[in-house]
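# Topology and contacts: notes
These are the residues of each chain, in order.
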Amino acid sequence: MPLTRRRFLAVSAVGLATAFSPFALPGCSTSKNIVVGETADVEVDTRLTFFGFKYESINVMAIEDILRDFMDAHPNVSVSYEGIKSRPYYEALVKRLDSGTGDDVFMIDHDTALSFEKKGYLADLAGLPTISTFSRLAFDQMDAEGTILYVPTSISAFGLYCNTGLLAAHGIDAPRTLAEFERACDAFLAEGVTPLVANNDISLKTLAIARGMAEVYAADNVRERVAALSADPDALAAQLRPGLELVERIVKRGYVDAGMALETEKTSDDLDQFATGSYPFMLTGAWASVRVHDMAPDLAYEVHPYPVLEDRPVLVVNVDTRVSVNANGAHVEEAKEFAAFLTQPSAIERFANSQCSFSPLEGNAAPDDASLQPLAGAFAAGAVVGSDDNILLPVWGALRQSVVSLLEGATAAQAEGQLRSLLAEGADAS
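Read on for a plain summary of the structure. (Residues numbered from 1 in each chain as written. Predicted model: local features only at pLDDT ≥ 70, side-chain atom pairs only at ≥ 80, totals over all residues. Heavy atoms only, no water.)

Look at T267: it is not a glycine, yet its phi comes out positive at around 50 degrees. Following the sequence through the fold, T267 ends up in the loop between α11 (258-263) and α12 (269-274). For T267, a relative accessible area of 7% corresponds to the buried category. For T321, which is not glycine, the phi dihedral falls at a positive 45 degrees. By the element assignment, T321 lies in strand β10 (residues 316-325). Residue classification places T321 among the buried positions, given a relative accessible area of 2%. (Helix = DSSP H or I, 4+ residues; strand = E, 2+ residues; numbered from the N terminus. Buried < 20%, exposed > 50% of the residue type's maximum accessible area, 1.4 Å probe, protein only.)

Glancing now at the nonpolar core. For soluble globular proteins, the rule of thumb is that nonpolar side chains tend to be buried together. Counting residues in hydrophobic clusters, the biggest one holds 140 residues, and the most contacted among them are F50 and M213. With nine residues, the top contributor of residues to this core is helix α7 (residues 203-217). Formed jointly, this core draws a minimum of three residues from each of two domains, domain 1 (46-154 + 320-355) and domain 2 (156-318 + 373-429). Beyond its immediate chain neighbours, meaning those up to four positions away, F50 contacts I63, L67, V79, S80, Y81, E82, V105, F106, M107, V323, F338 and L342. (Core = buried A, V, L, I, M, F, W, Y, C linked by side-chain atoms within 4.5 Å. Domains from an automatic or database assignment. Contact = heavy atoms within 4.5 Å.)

Another aspect to go through is the layout of surface pockets. If you add up the space inside the second largest pocket, you get close to 540 Å³. When contributions to the lining of the second largest pocket are tallied by element, the ones reaching two or more residues are α4 (136-142), α8 (222-230) and α16 (373-380). No other element matches α8, which puts four residues into the lining of the second largest pocket. Looking at the lining of the second largest pocket, its residues break down into ten nonpolar, three polar and four charged. Both of domain 1 (46-154 + 320-355) and domain 2 (156-318 + 373-429) provide at least three residues apiece to the lining of the second largest pocket. (1 Å grid on protein atoms, 1.4 Å probe; cavity = no way out; pocket = protein on both sides within 12 Å on 5 of 7 lines; lining within 4 Å. Points joined across faces, edges and corners; volume = space filled by probe spheres on them. Nonpolar A, V, L, I, M, F, W, Y, C, P; charged D, E, K, R; others polar.)

This brings us to helix α14 (residues 332-342). Within α14, eight of the eleven residues are buried, leaving the element largely enclosed by the surrounding structure. All of the buried residues in α14 are V332, A335, K336, F338, A339, A340, F341 and L342.

Taken across its seven residues, strand β3 (residues 46-52) has six buried, putting it largely inside the fold. Sheet analysis places β3 next to strand β4 (residues 77-83), joined by seven bridges and oriented parallel. The partner of L48 across the bridge, within β4, is V79. With respect to chirality, the unit in which β3 leads through helix α1 (residues 57-73) into the neighbouring parallel β4 is right-handed. Where β3 lies against strand β5 (residues 105-108), two bridges are found, and the strand directions are parallel. What sits directly across from F51, in β5, is F106. (Pairing = 2+ DSSP bridges. Right-handed = clockwise from strand over helix to strand, strands pointing away.)

Within an α-helix, residues lying three or four positions from one another point in the same direction, as the helix has 3.6 residues per turn. Counted at 1.5 Å a residue, the expected span for helix α2 (residues 86-98) with its 13 residues is 18 Å, and the 18 Å between its end C-alpha atoms agrees. Looking at α2, one finds that the buried residues are S86, Y89, Y90, A92, L93, R96 and L97. All buried residues of α2 project into a common sector of 170 degrees when viewed along the axis, lining one side. Turned more than 90 degrees off the buried face of α2, the exposed positions are E91 and K95. Looking at the buried residues of α2, the elements they touch are β3, β4, β5 and α3 (110-119). Just beyond α2, the residue with positive phi is G100, at close to 80 degrees. (Expected span 1.5 Å × (residues − 1). Arc of directions from axis to C-beta.)

Following the criterion strictly, the structure yields 20 salt bridges and no others. Across the salt bridge formed by R241 and E416, the nearest N and O atoms sit 2.5 Å from each other. Taken together, the residues R241 in helix α10 (residues 241-252) and E416 in helix α18 (residues 412-429) connect sequence positions 175 residues apart. Since its relative accessible area comes to 25%, R241 is described here as partly exposed. With relative accessibility at 9%, the residue E416 sits in the buried group. Because the salt bridges share partners, they merge into one network encompassing D234, R241, E245, E416 and R420. (Salt bridge = Lys/Arg side-chain N within 4 Å of Asp/Glu carboxyl O.)

Everything listed is a geometric property; what it means functionally is a separate question.
Quick look at the structure:
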């Protein structure tokens, strides 16, 4: 069938598609096809493909709304979206671009941006008319190397999900300091309850970043501190050592079931566990809140910054859901037009809110979800950037491997050595 500007499907992401079709959009959380706004056939001059890791139904619906509006404004252009879960997504993305069959527009993360920049896969987006609307936090990430190679559509936050009903039943407040968190975990352990749900990807990694990097981002000379760490893998690994020690302590004390955590997938198995109401705490991204509400409508919870310091909590954020344009694509200028449309205020507001994320635009509007209000208050006070573009080392991926080693029984010293080696390999590759 000919591609029409308003014909596209969202299909369940059971696995990677064996062949890419502009009509097949693996992505929503149901097993049914969702047919979206179909009109009479319209001849199109340009067919853009958009590939991403957003596959949950609420995110896909927000993307579809934006695509629909873009195609209404550009009658001779069609855009199709394909979304699959994050780790398989990056494997597929690399294969597509390396083989010369990359999509016109795609999502990237910190480590992928470093690799793709070297390969010349990313178009310069400095000329987009929406660049001036981004907040200072977002712009400092986008402009880290002096060339803007992506535009963010959200600022995600990571937090400690607190089962407020379970905590109240035990006379425990949501913890703000490390001592309060450890006392709460010890109290639940004494009753035979494993306190903490953690996945095998971002949970303990971002906790380690919060602990290790908090004093860097609180410093008056944060830019100089970050630049120095970017140039020295040994120094960065050493800076993160307190975070690795905290993870080691959490594992050894049994606050988390290490074996279960190794098998627990992000925004999937972890939410299944927390939604039972049997666990007091969970570590994951704020974007999962909408899923938790759907899975457990009666579960009372709040999401708080990480209680990892002796005197205060720490908020970790990422300037993310980063969208890049394929520098080697057949429709670079049209793809840039779409990137500009995607980052105009009306689209950003809709998309970021659908992800329970902060806006990357000036003002950094908070998401509507009332359970996330503790994060909104912390955001104004400053945050640690989890995958800082000003650090030209693959810390995001390397730290995950080191945390997996801790879950498997490694010591903090061993995990630091592993992290140092992985960061050094990344520095050598550059």
